[in-house]
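Each chain, letter by letter, is given below.
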Amino acid sequence: MATDVTTDASSGATPDPAARVTAPGGKKNAPDLGLGRLYLRRFLRNRLAVVGVVIFVLLVLFSAFGSLFTSYAYSDADFAALTQPPSAAHWFGTNQGGNDVYASAVHGLQRSLAIAVSVSVLTVVVAAVIGSSAAYFGGRVEKATLAVIHFLLVVPSFLILALVSHRLAGDWRVLIVVLTVFGWMSTARVIWSVSTSLRERDYVTAAEFMGISAPRIILRHIIPNLGSLLIVNLTLGVVATVLSETALSFLGFGVQTPDVSLGTMLADGAGTITSAPWLFAFPAGLVVLLTVSMTFVGDGLRDALDPTSVTGAAGGRR
Amino acid sequence: MTLTTLAATPAPTDATPVLSVRDLRITFPSEAGPVEAVRGVDFDLLPGRTLGIVGESGSGKSATAMAVMGLLPPSAELRGQVLLGGRDLIGLGDKELSALRGSSIGMVFQDPLSALTPIFSVGRLLSDALRVHQDLTKRAAWEQAVELLDLVGIPDPRGRAKSFPHEFSGGMRQRVVIAMAIANKPSVLVADEPTTALDVTVQAQILDVLRLAQQETGAGLVLITHDLGVVAGHADDIAVMYAGRFVERADVDELFRRPTMPYTARLLAAVPTVDSGVHRPLVPIGGEPPALVDLPGGCPFASRCAVAQDACRADEPALREITGHGHVACLRADEIADGTLDPAGDTGPDDGPGGSGPEATGEVVLRVEDLVKTFPVTKGALLKRRVGTLHAVNRVSFELRAGETLGLVGESGSGKTTTLLEVLRLKRPEGGRIEVAGTDIGTVDSAARVRELRQDVQIVMQDPLGALNPRLPVFQLLAEPLQAIGRDRESIRSRVHELLALVGLDASVSGRFPAALSGGQRQRVGIARALATEPKLLALDEPLSALDVSVQAGVINLLARLKRELGLAYLVVAHDLAVVRYISDRIAVMYLGHIVETGDTESIFSDPRHPYTRALLSAIPVPDPQRERARERVVLQGEQPSATQPPAGCVFVDRCPLYRLADEEVRGRCRTERPEPTAVAGRPGHQYACHAV
């Protein structure tokens with residue numbers, strides 16, 4: 001085709017197309033800032049969210065490198081020190097079996113984090129694919145998917161979770177699968193409802209008229225535009241998973257001894273909360289820190305990614 | 001001039017301004033620093049006068065209106081004075097402002113549907129509006145509400161007062177909004193783009209209602225619009241806004257006769273009009289308005305101005321009085337005013353639109369015969385019962401050759417977009433035949449063949465921002481259709497750069513996201529994407545209506561050049577006849593799913609036969625106050641009926657001005673017999689469907 005046409009003859013007074021290109025466009029958000037930098041700025045404006053990030057990073061570092069600072073392993077039993085309060089030798093004290101609480105907490109946090117993050121990622125991926133496909137295809141596919149989602153939502157999933165995970169003998173990897181299988185529905189439903197409006201967007205119609213295949217439209221045009229929703233769900237999913245994993249383990253259905261998670265530690269410490277409060281206090285404190293930090297991060301992300309938000313915008317106060 | 005503003009000019013003694021704005025400045029915070037949306041606006045509004053504020057998007061005209069109403073978001077910073085009857089509104093609390101809004105200032109919004117609370121009947125909305133500011137009983141307020149509805153021309157006001165906003169059509173809703181705005185006899189009316197969301201034939205009615213409402217209340221009207229045609233007929237004085245300031249303010253006749261600010265002059269030259277005999281080439285204003293963040297010194301228009309001097313770039317010229325003209329913010333205004341300098345400079349027409357080029361004799365790219373498309377009308381939430389059929393497109397036929405442009409024109413709901421989408425769907429139509437590049441779509445059944453056909457037919461959509469995925473950079477957007485037809489990476493890369501050059505974009509845009517582009521650039525990307533697969537037919541769905549006037553002209557010229565160079569066929573859907581005239585070789589006028597008239601563009605414009613075409617042509621406001629006031633207008637009654645129960649005879653019979661004048665025999669035929677296309681003698685290809693002509 002006409003490759004020799006390099007300048008636009010119709011541009012009138014502007015002889016050089018570059019002059020037009022350099023003119024910055026809209027007036028609200030400076031677009032030449034780049035999307036990533038813009039979101040970062042809006043996120044950093046929210047102080048609680050930044051605090052959340054700091055706490056979360058510290059917790060991750062603690063779970064990864066905390067074991068370097070102690071000579072005990074979580075499975076070692078120190079029979080010379082049973083149910084000792086925190087001391088120089090055992091920073092967080094020891095439990096009835098002589099296990100070092102500090103070492104257990106590091107390991108337990110590692111477990112809980114690994115479970116929470118992988119379940120959350122898997123849930124969001126599954127939910128995004130199922131939810132947006134249902135919305136895009138519409139018709140019978142949509143109806144059937146929604147029927148499944150609604151059915152799973154009314155089933156008492158916690159009970160099933162408890163039974164299934166107990167049967168599968170408490171391997172933490174099995175727990176990840178089980179939590180994902182019973183955790184994707186509500187996210188999928190939210191994603192479906194948002195995708196139904198994306199489906200009507202002009203760029204989706206345009207892609208159809210270009211002859212682009214359905215999976216490609218879903219992956220390139222619908223899911224990326226759910227971005228903010230997915231990220232927020234990811235962070236808040238971590239909170240929900242930590243809570244349900246600890247709850248399951250607390251009840252004795254999740255992680256099984258000799259493995260340790262924050263939930264099993266809470267269960268062990270709950271009985272002696274008056275006589276040996278450190279057994280309960282340290283894991284409980286970690287759970288609170290983890291969930292609170294992720295909630296702050298989730299809120300901050302939502303405000304930063306939502307263009308209508310006031311708190312994230314320049315001039316907004318928090 | 002009567003609407004004087006600066007202290008230097010003696011104000012007329014017979015009236016005191018109802019609204020005075022003094023050095024209004026509005027700043028919004030943004031990521032890139034404060035955006036100076038309005039930078040020093042002054043005006044006085046006298047009772048009974050209309051001030052038209054004209055500007056492109058982002059010029060600060062809506063921010064000015066919102067500031068007058070006190071409706072800006074709290075993050076906006078306001079300075080200056082807004083004096084309403086001597087009282088400064090800036091700095092007043094929300095409670096005090098609420099007492100004034102509705103009683104002293106009335107507002108007419110752009111979108112009448114979102115301006116009315118959907119859960120209340122319009123009578124309730126109106127009587128509530130009355131009772132907020134006046135001590136009235138419910139009954140008395142209802143009576144007044146009915147009177148107001150009658151005033152704004154709602155038929156059967158007493159009965160309709162009980163109806164809810166969604167039961168009204170767009171034009172009727174806007175009448176209700178106007179009734180609400182004047183309910184408490186305000187001294188100032190602010191109308192922000194009051195007709196932009198409406199059809200052309202309805203637009204004329206609403207402007208008349210607005211004028212009536214103004215006469216009834218004696219209020220001063222601030223009419224904000226981007227449409228120079230609208231202000232030409234309805235404003236007394238005009239202020240042209242650019243980059244947050246008034247750059248020219250003058251009496252309406254004077255402004256259009258002798259635009260003195262180069263921006264105004266270029267804007268007028270860029271507007272397509274319907275009645276300028278032959279094709280007057282459009283001269284686009286190059287460049288884009290500046291971003292209002294950290295504006296450099298100097299005239300903000302200097303970079304786009306053809307007659308700018310070095311001095312223009314040093315200091316921003318103040319708005320000063322030019323003898324015999326009004327106020328202009330231009331250093332060279334004196335020279336322009338006395339005619340020694342042409343504000344458009346020597347930027348002569350470099351690329352005419354060439355709409356009426358050589359007779360199109362290329363191969364037939366698209367042939368549509370007796371196309372029918374209906375939609376079922378269902379009722380009931382649980383069990384959907386089919387209660388009727390909406391005849392969106394009814395026996396539409398046309399033909400399109402390579403190198404030719406066909407414009408499908410009509411109001412919303414006329415079936416023009418449905419026709420376009422039926423062609424693009426590339427599936428067997430419900431009724432009739434569609435033939436693309438010699439292939440009958442109905443006979444194509446393999447997916448591979450459909451994909452091949454897809455390459456020949458592409459679309460450019462109305463809203464360039466909506467049509468481009470915001471998460472993909474320009475390069476990916478343009479690469480997508482090429483990937484879909486299985487081109488390899490290297491050829492995609494070279495083709496994308498070829499496409500960018502073809503539509504006059506710099507290669508550096510390829511890494512940007514759509515949000516970082518201006519409106520004109522986005523539409524160019526949209527066109528480039530459509531051209532990627534070297535189609536034979538380009539469907540353009542309102543390709544210009546989302547663009548600003550100064551940018552429109554550039555895109556019109558681009559489309560004309562591409563057609564000439566690539567031998568494309570365009571199928572254009574548009575409601576704006578002025579634009580259609582510039583790009584079409586032939587026009588088909590649609591009404592309620594039928595083509596009522598078709599023919600060469602010149603033939604249709606010079607000799608329209610069908611009464612609907614005539615009304616449509618006459619409804620378009622002309623950006624020339626004298627002609628606009630003097631010309632004869634066919635104002636249609638009512639609005640397009642629903643296509644669920646089209647009349648048995650002529651579809652236009654309910655609104656037809658000829659029907660009312662016709663004798664009994666013709667009337668009978670109009671009611672019972674669908675008119676067949678009749679050829680116009682001496683004009684090949686010109687056909688119309690009417691009994692009464």
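Residues numbered from 1 in each chain as written. Chains lettered and ligands numbered in written order. Predicted model: local features only at pLDDT ≥ 70, side-chain atom pairs only at ≥ 80, totals over all residues.

Moving on to the overall build of chain A. In terms of helices and strands, chain A carries 13 helices and zero strands. Going from the N terminus to the C terminus, chain A shows its helices and strands as α-α-α-α-α-α-α-α-α-α-α-α-α. Taking all 318 residues of chain A together, the buried fraction comes to 44%. (Helix = DSSP H or I, 4+ residues; strand = E, 2+ residues; numbered from the N terminus. Buried ≥ 20, exposed ≤ 12 C-beta atoms within 10 Å, placed from the backbone.)

What follows deals with the sheet that holds strand β24 (residues 687-688) of chain B. Residue and element names in this part refer to chain B. Strand order in the open sheet formed by eight strands is β18-β19-β20-β15-β21-β22-β24-β23, with mixed pairing between adjacent strands. Every other strand in the sheet has two partners, leaving β18 (457-460) and β23 (678-679) as the edge strands with one partner each. In this structure, strand β22 (residues 594-600) lies alongside β24, joined through two bridges in antiparallel fashion. Residue threonine 598 lies in a different strand from β24, and its bridge partner there is glutamine 687. (Pairing = 2+ DSSP bridges.)

Residues and elements named next belong to chain B. When cut into domains, chain B gives domain 1 (1-10 + 18-112 + 186-273 + 282-348), domain 2 (364-591) and domain 3 (602-693). Summarising the inter-unit geometry, the C-alpha centres of domain 1 and domain 3 are found 37 Å apart. Contacts between the two partners involve 18 residues from domain 1 and, on the opposite side, 16 residues from domain 3. Mapped by element, the contributors of at least two residues to the side of domain 1 that touches domain 3 are α7 (200-217), α8 (228-234) and α9 (252-257). Across the side of domain 1 that touches domain 3, the residue classes break down as ten nonpolar, six polar and two charged. (Domains from an automatic or database assignment. Contact = placed C-beta atoms within 7 Å. Nonpolar A, V, L, I, M, F, W, Y, C, P; charged D, E, K, R; others polar.)

Residue and element names in this part refer to chain B. Along helix α22 (residues 611-619), eight of the nine residues are buried, which leaves the element largely enclosed by surrounding structure. Of the positions making up α22, those classed as buried are Pro611, Tyr612, Thr613, Ala615, Leu616, Leu617, Ser618 and Ala619. Elements in contact with the buried residues of α22: α7, α20 (577-583), β21 (586-591), β22, α21 (601-606) and α24 (657-661).

Let us now look at the sheet that holds strand β4 (residues 77-84) of chain B. All names here are of chain B. The antiparallel open sheet is built from four strands, whose spatial order is β2-β1-β4-β5. Looking along the sheet, the strands with just one partner apiece sit at the ends: β2 (35-45) and β5 (87-88). When strand β1 (residues 19-28) meets β4, the two strands line up antiparallel, connected through seven bridges. The residue bridging threonine 27 from the neighbouring strand is glutamate 77, located in β4. The strands touched by helix α1 (residues 61-69) are β1, β2 and β4; relative to β1, the strand with the most contacts, the crossing angle is about 115°. (Axes fitted to C-alpha atoms, helices over the stretch in contact; angles between N-to-C directions.)

Confidence in the prediction for chain A averages 79 pLDDT; 84% of positions are at 70 or higher. Every residue in residues 1-32 of chain A scores below 50 in pLDDT, and together they form 86 contacts with partners more than four places removed in sequence or on other chains. (pLDDT = per-residue confidence, 0-100.)

It is worth spelling out the pairing of strand β3 (residues 50-54) of chain B at this point. Regular strands show a simple pattern: their side chains alternate between the two faces of the sheet. Residues and elements named next belong to chain B. For β3, a buried count of five out of five residues is recorded, marking the element as mostly surrounded by other parts of the structure. Every second residue of β3 is oriented toward a common face, with Thr50, Gly52 and Val54 on one face and Leu51 and Ile53 on the other, all of them buried. Relative to strand β8 (residues 220-225), β3 runs parallel, the two sharing five bridges. Residue pairing in the sheet places valine 54 in a bridge with threonine 225 of β8. The sheet contact formed by β3 and strand β9 (residues 237-242) spans four bridges and is parallel. Counterpart to glycine 52 in the pairing with β9 is isoleucine 238.

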